[in-house]
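# Reading the structure
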Amino acid sequence: MTEVSSKLTGVTDLGAGSFGSPAEYAAGVAAFLRSDARMQALVGRRWPTLEASAVALSELQRVLFDEGWSRLGWPELAGGLGGDPRFRAALFETLSEHDILIPEPYCTLEILVPVLLVHAPHLAERYVPALLRGDEVWAQAFSEPDAGSDLASLRTRMEPDGEGWRITGQKVWSTYVHLADRAVLLARSGEPGHRGLTMVLLDLHQPGVEVRPIRAEDGDNHFGEIFLDDAALPGDRIIGTLGQGWAVAMYMLQWERGAWGWLQQGRFHTRLAQALQHDVDAGPADAAAIGRAYARLAALRLQTAHTVERLAREETLGPEVSVDKLLLIDAEVAVWDAIRLHLGPAFDLDPEHEWLRSQFLFSRAAPIYGGSQEIQRGLVAQRVLGMPREA
Amino acid sequence: MDLDTRELLRKTLRPVLAERSDRPLSERLDELGWDDVVADDAALAICTLFETKGEVLGAGDALGPLLARRVADAAGMPEAADATVVLDGFALGPLAATVLVPGADGRVAVASSSSFDAEAVEPVDEHTQVCRVRGSLTDPTWLPASVWDEAVAGGRWALGAELTGIAHQVVVDAVAYTADRRQYGRPIGSFQALQHRLANAHVSTVGARGVVEEAARTGSAWTALVAKALAGAAAEEACTHAQQCYGAIGFTWEHSFHRYLRRSYILDRLLGGWRELEVEIGRRLLADRAVPKLGGIA
């Protein structure tokens, strides 16, 4: 305990330099998780609703921030202690290995913050520390009722109003939005098509913004709708420049498709290992399904490790990152199919498995969320393999 | 080995491996100064060799010499390096004076080939040289299972590399064909149905390649097992989708496609087909009740 505390002080004082490598840092995180009573209380914990889980895990975020651990891997400008994304990847991996659930806002951070650092450092400086500490929650607001896969057809409008803007329209499928304080939102500021789009950071707690959660098939309120009626946007809330929204969104997607896959594979290794602790009469179909799931998981893990390394070197990822997303879909579906098969009828019947069941049901969305499987396949075919665009 | 060096090696290897020649592959590689390439980075050199062999459907048995060399190294028995490997009653290549025959208990026998009858057979792939072998082992020296396991691990990732080479080439060729072939006034490659098939094949190939390279780098038998399972499945997926993209022309003798298909059948079966290997992976995980993680972020 003493040794850990002194090392920890070192982290907060010295930043990423305290650890020679992400692996050393992971060992430090692991020692902290094992020695801290607040962390130990979260091991294996599950909550009956997403909202209850969000409250408990925001406490986790606060502790990890105050103790310095979650600040590694983020630049000082944004409240971090320096170091590259590999440190964040190591934190997720270590939390999963200790069966502590990863707070959903960490996933949002992975997607939204890198884009702020590049395209709106003033906003990163002002808001990201609170986001990292769990004092604030943000959502991503891209899709609309008539603009899903065809995102560039979105219609939510931003109109100039004095120094700032006014936003009117409707967003949907926005993860965690009913718990969120702000949203990174893609709006139309100009002509139809890709060129008329702008990315902004909008406050959700204001007149003209109404948020309604949507209950998903697993019973939880994973996402929601946002109704915008003349909502106010201050002039300094544009991410990137006016009309640059599509490019900013594409920059964001490389993180959504790369870093997210790494985070997920850590979770899946733990879930699969936990399923194997149950005594069941494993038939040949069971072994085949587990073997297949594991092989796909291994492919996902090595591919996304490579991608996180590339992101850490600040390489710009191209359309090839859709390969990561497609490997994620294959692995996610295969792992949960194997778990369900392995646990047999009890999986569907026994209340003991309620939490796992809801995770399983959520996995059915893997080929849909974050850009559908069909869109990703089209990107790989046309942009990676060079097949002709559709007529 | 950096990416540029690897690309250069690939370019150098392509004509050598594509050559239809009776000279043994080892002799042709020697002329390239292959030993120096291997000394620099054995894992990636061998990986690139097998991948390229897959891409150009290189003739000549590379697997037999690789297995024999690994047995020789693991057992400290240099003479075993020239032996012919016999798997499931088939010799990989012409019979040398010595044979290596894995036994049912996991050990591997080193024995004289003098008591063996070998009969050349025509396998599904005409450029794979195998003989059916009959006879019993006389005075074999049995090497421990660890020696054969070591050889199998190397063989599996090498075969994995060759299978991903096939999968890659099959997709590249199908992409080219579907860009040229027009129906309904447009290239058939613009149809989503075909795009998605080839995209799937590409994704599985990239996923498999990553695990193959990890297995080559680490030498882990477990990783090699997973690598071969993924690569075998990727090759089958690529061939299935490519064949559909070709339509009837891909079903002709004249078209090169069936050669890739045939070769992939042989390679997938050697040292465990992907369906069997998936079951094997599952059985081991069920027995250990643990899910090991491969590699990590460097």
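Residues numbered from 1 in each chain as written. Chains lettered and ligands numbered in written order. Predicted model: local features only at pLDDT ≥ 70, side-chain atom pairs only at ≥ 80, totals over all residues. Heavy atoms only, no water.

## Some points on the domain arrangement of chain A
All names here are of chain A. If you check the domain split of chain A, you get domain 1 (16–136), domain 2 (139–243) and domain 3 (246–384). Each of domain 2 and domain 3 was reduced to a C-alpha centroid, and the two centroids are 28 Å apart. With 15 residues of domain 2 at the contact, the number on the domain 3 side is 11 residues. If you look at where domain 2 meets domain 3, you find zero salt bridges. Taken together, the elements giving at least two residues each to the side of domain 2 that touches domain 3 come down to strand S4 (182–188) and strand S5 (197–203). (Domains from an automatic or database assignment. Contact = heavy atoms within 4.5 Å. Salt bridge = Lys/Arg side-chain N within 4 Å of Asp/Glu carboxyl O. Helix = DSSP H or I, 4+ residues; strand = E, 2+ residues; numbered from the N terminus.)

## Some words on the packing of aromatic side chains
Note on aromatic pairs: each is described by the distance of the centres and the angle between the planes. Residue and element names in this part refer to chain A. Tallying each qualifying case throughout the model produces 15 aromatic pairs over all chains. Ring centres 5.7 Å apart and planes at 75 degrees place the aromatic pair Phe 347 and Phe 360 in the edge-to-face group. A residue pair is termed long-range when its members are at least 10 positions apart, and Phe 347 in helix H11 (residues 345–349) and Phe 360 in helix H12 (residues 354–363) qualify at 13 residues. The exposure class assigned to Phe 360 is buried, which follows from its relative accessible area of 10%. Within the aromatic cluster, the residues linked to one another by ring pairs are Phe 19, Tyr 25, Phe 32, Trp 69 and Phe 87. (Phe/Tyr/Trp six-rings, centres within 6.5 Å; stacked < 30°, edge-to-face > 60°. Buried < 20%, exposed > 50% of the residue type's maximum accessible area, 1.4 Å probe, protein only.)

## Focus: the side chain of Arg257(A)
Residue and element names in this part refer to chain A. Inspection of the secondary structure puts Arg 257 in helix H8 (residues 245–275). In this structure the side chain of Arg 257 is engaged in a polar contact, spanning 3.5 Å, whose partner is the side chain of Gln 376. Contacts of Arg 257, omitting those with residues within four sequence positions, involve Val 321, Ser 322, Asp 324, Lys 325, Gly 370, Gly 371, Gln 376 and Leu 379. (Polar contact = N/O pair within 3.5 Å; in protein donor to acceptor, adjacent residues only side chain to side chain.)

## Some words on the packing of helix H10 (residues 321–343) of chain A against H12(A)
The relative placement of two packed helices is expressed as an angle between their axes plus a distance between the axes. Residues and elements named next belong to chain A. Running from amino to carboxyl end, H10 crosses H12 at an angle of 145 degrees, the nearest separation of the two axes being 9 Å. Between H10 and H12 lies a crossing of left-handed hand. From H10, Glu 332, Val 333, Trp 336, Asp 337, Ile 339, Arg 340 and Leu 343 reach across to H12, where they touch Leu 356, Gln 359, Phe 360 and Ser 363. Tallied by class, the residues present in the contact of H10 with H12 amount to six nonpolar, two polar and three charged. (Axes fitted to C-alpha atoms, helices over the stretch in contact; angles between N-to-C directions. Left-handed = near helix turned anticlockwise from the far one by under 90°. Nonpolar A, V, L, I, M, F, W, Y, C, P; charged D, E, K, R; others polar.)

## Remarks on the environment of Asp41(B)
Residues and elements named next belong to chain B. Summarising the element assignment, Asp 41 is placed in the loop between helix H3 (34–40) and helix H4 (42–56). Asp 41 sits 237 residues away from Glu 278 along the chain, and the two C-alpha atoms are 30 Å apart. In terms of polar contacts, Asp 41 uses its side chain to reach the backbone amide nitrogen of Leu 44, at 3.3 Å.

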